[in-house]
Amino acid sequence: MRFVLDEDVDARAVGSLLRRHGHECWSIVEAGLGGSDDDEVAIYADDHGAVLITHDAEATHRRRRFTFGRHVFLRCHQLDAAALLERHLDELIRLVGLRGVGVYEVARAGVTYRPPRWETD
Amino acid sequence: MTSTDPRTVVPDKRAAEIAGISVRRLRYWEKTDLIRPDVERKISPRNVVRLYSLPRLVELAVASELRHQGVSLQHIRRIIEYLRREGYEAPLREVRFARSGDRVLFQHADGTWEESGRPYQGLIVQVIDLDRIRARVRSRLGRRETDAGVVEKRRKVQASKPVFRGTRVPLEAVMGYLEAGKTTDEILAAFPSLTEEDIEAAKAASSAVA
């Protein structure tokens, strides 16, 4: 699977974890989008067929209101992100493959899928 | 991946800055089909995201250079249309342009110069150097040096919480790394867009809180 890391994600720890598990991964800084708006980052990931990984709660909230692409929200501090993601990576990959477009929240308790609003209205 | 990777893009405001034109002019060029963004997506009625790739930035910079040399937009458009008919897909980045008086000349791959259908062998005064323009565009990508060590709040970035200027990295994330005893090198490896000045700013903020 392809992943784009938001600039607020520990690029070394999370990047090496994903690559170790055979996934393609790069950061928005490498893409030239450092410092960009939430929506620009999300559009970039979607346009490249990649899953965006972020710690940004507000960007996640906005993606739930205007859903496009696949958006992973890590509910933890950056220091704990790699360990948390490693614990739930298989479940996340399975869910993303199964459900596609939407927001995926990764927390201690597991992965929660938030479908696009048009599916819940 | 480097900042000159084919996947490199920049948002419209940054594209305008890199090309040395106003956002208004960039929009006009888009509206009139002179140079369009690589990605254009409407998220909501008032929010359209436009992203420009590196090759497109070079086209913007060449068009900007021609405009700065006094070539009218209509003239640029006529030349582009002519070169497209001649088989060039992206004339602004495939052909070398030059000025001689009021004339706009272009050089083909075989080295010959032409002025819209007429071979040209006269004096060439100002050549628009594509390599120089490409280098200039590349050098303007990425974070500005003057942003280092500055913390600010920005709309639509991390819920307007303090971030390091020119990045999306929250100050509080770095403060957490410092509290956990991480070194400057470890923090810079985690957040490659940051600099030592940013880490110093975070240390100062941590001291102020303590």
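The rules behind each value
- Residues numbered from 1 in each chain as written.
- Chains lettered and ligands numbered in written order.
- Predicted model: local features only at pLDDT ≥ 70, side-chain atom pairs only at ≥ 80, totals over all residues.
- Heavy atoms only, no water.
- Contact = heavy atoms within 4.5 Å.
- Buried area = accessible area lost by both parts, 1.4 Å probe.
- Salt bridge = Lys/Arg side-chain N within 4 Å of Asp/Glu carboxyl O.
- Polar contact = N/O pair within 3.5 Å; in protein donor to acceptor, adjacent residues only side chain to side chain.
- Helix = DSSP H or I, 4+ residues; strand = E, 2+ residues; numbered from the N terminus.
- Nonpolar A, V, L, I, M, F, W, Y, C, P; charged D, E, K, R; others polar.
- Phe/Tyr/Trp six-rings, centres within 6.5 Å; stacked < 30°, edge-to-face > 60°.
- Buried < 20%, exposed > 50% of the residue type's maximum accessible area, 1.4 Å probe, protein only.

### Some words on the interface of chain B and chain A
With 39 residues of chain B in contact, the opposing surface of chain A contributes 38 residues. Around 3100 Å² of area is buried between chain B and chain A when both sides are counted, 57% of it from carbon and sulfur atoms. A:Asp38 is the partner of B:Arg168 in a salt bridge, and the nearest nitrogen-oxygen pair spans 2.8 Å. Scanning the region where chain B abuts chain A turns up 17 residue pairs in polar contact (both at pLDDT 80 or more). Among the secondary structure elements, those contributing two or more residues to the side of chain B that touches chain A are β1 (9–11), β2 (39–44), β3 (47–53), α7 (171–179) and α8 (184–190) of chain B. Its residues placed into classes, the side of chain B that touches chain A shows 19 nonpolar, ten polar and ten charged.

### Topic: the packing of aromatic side chains
All names here are of chain B. What the rule picks out here adds up to four aromatic pairs over all chains. Centroid distance Phe97 to Phe106: 6.3 Å. Interplanar angle 75 degrees. Geometry classified as edge-to-face. With a relative accessible area of 2%, Phe97 lands in the buried category. With a relative accessible area of 0%, Phe106 lands in the buried category.

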